[in-house]
Amino acid sequence: MFPNFSLSKQDGDNVYIYDVSALDFAQTCAVFIKLAERAEQYFSERPVVNSRKKEVMSGNYIDTSGNKITAPDNLRNCHFQFLGGGGNEVVIHPNANLRNVFLEFLGKDSKVYIGENVSMQGQWCLGVGCTINIGSKTTSTNPVYITVAEHTTLSIGEDCMFATNNQIRTDDAHPIYDVHTGKRLNVSKDVTIGDRVWVAYGATIWGGTKIGSGSIVGAFSVVKKHFPNNCVIAGVPAKVIRKDVFWERNNVLYTDIDEGKDLAEMNHVTYINSTVELD
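Residues numbered from 1 in each chain as written. Predicted model: local features only at pLDDT ≥ 70, side-chain atom pairs only at ≥ 80, totals over all residues. Heavy atoms only, no water.

A. Spatial organisation of the sheet that holds strand 8 (residues 89-92). The strand order across the open sheet built from 9 strands is 5-6-8-10-12-15-18-21-24, with neighbouring strands paired in mixed fashion. One side of each edge strand has no neighbouring strand; the edge strands of this open sheet are strand 5 (61-62) and strand 24 (226-227). Pairing of strand 18 (residues 191-193) with strand 21 (residues 210-211) involves 2 bridges; the strand directions are parallel. Each residue of the ladder has a partner; that of Ile-193, found in strand 21, is Ile-211. (Pairing = 2+ DSSP bridges. Helix = DSSP H or I, 4+ residues; strand = E, 2+ residues; numbered from the N terminus.)

Next up, the structure:
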């Protein structure tokens, strides 16, 4: 007798397996294959006690604190740790290609959503009531360090490209106060990165940043403002240094001299746009 299996005769929540002696070999095998599949599903859905230790992320997970992971079982060197409470959730698309990722939940009620064909690495830390949303086809050359705190959201669009030694932080890690009023001066703020944004080597993106689709963040830049689409952002602090640009993913190390594009042949490309000034 097995709970919650729909193999033959059901009585309430229980299902009774009939005698298979009357079945031929193929039918008997089919019954036991089905039984094994349903048993695996049943036991994989049973909540486990949160160990609060760093654990391998592979396949689905649910614990008695209400933390839940829905993930493929082919992730490479990916780990998670629930330290701060319950109600956290991770949803990873079956076709995502995460590797060398450590998801660390220091608070409760936080969410991570990873889209199709995302190929990224990094250590990603979430506080209380936070969200990380990474759109499809976004990639990173090397690990990206991410922290999201105090009910903030990091939203990364589709087809973005991160380089090496990048950081994205909605928070400053430690609070700063005015000595006369006690007012908090550095409250955590959302970060929004549009579609097809290229973030070059060593760039850091801070809370309160919005970057329009199609833009480029220059190497070693420190970004903490709102920026329009299809522009080059660079400097410390970062500012717009060129408008009306677009970029391609191909690495020039593997190509001959590229002197430009025939735009007449690219009129179907949706990411070639003039920069629209922010209000």
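B. Spotlight on the layout of surface pockets. Its volume calculated, the largest pocket comes out at about 520 Å³. For the largest pocket, the lining is made up of 19 residues, of which Trp-198, Trp-247, Glu-248, Asn-250 and Val-252 are closest to its centre. Its residues placed into classes, the lining of the largest pocket shows 10 nonpolar, 5 polar and 4 charged. (1 Å grid on protein atoms, 1.4 Å probe; cavity = no way out; pocket = protein on both sides within 12 Å on 5 of 7 lines; lining within 4 Å. Points joined across faces, edges and corners; volume = space filled by probe spheres on them. Nonpolar A, V, L, I, M, F, W, Y, C, P; charged D, E, K, R; others polar.)

C. Region of interest: the sheet that holds strand 23 (residues 222-223). Taken in spatial order, the 8 strands of this open sheet run 4-7-9-11-14-17-20-23, and their pairing is mixed. The outermost strands of the open sheet, each flanked by one partner alone, are strand 4 (55-56) and strand 23. Sheet topology note: the strand 20 (residues 204-206)/strand 23 ladder contains 2 bridges and is parallel. From the neighbouring strand, Ile-205 faces strand 23, where its bridge partner is Val-223.

D. Examining the packing of aromatic side chains more closely. In this structure the tally under the stated criterion is 7 aromatic pairs. Summarising the aromatic geometry, the rings of Tyr-61 and Phe-82 are spaced 5.8 Å apart at their centres and angled 25° between planes, so their arrangement reads as stacked. Of the two residues, Tyr-61 sits in strand 5 while Phe-82 sits in strand 7 (residues 79-82), which places them 21 residues apart along the sequence. For the pair Tyr-61 and Phe-82, a shared accessibility class is recorded, and that class is buried. Phe-82 sits in the buried class, given a relative accessible area of 0%. An aromatic cluster is defined as three or more aromatic residues linked by ring pairs; in this entry it consists of Tyr-61, Phe-80, Phe-82 and Phe-105. The lysine or arginine in question, Arg-196, covers the ring of Tyr-271, its NZ or CZ lying 3.7 Å from the ring centre. (Phe/Tyr/Trp six-rings, centres within 6.5 Å; stacked < 30°, edge-to-face > 60°. Buried < 20%, exposed > 50% of the residue type's maximum accessible area, 1.4 Å probe, protein only. Lys NZ or Arg CZ within 6 Å of the ring centre and 35° of its normal.)

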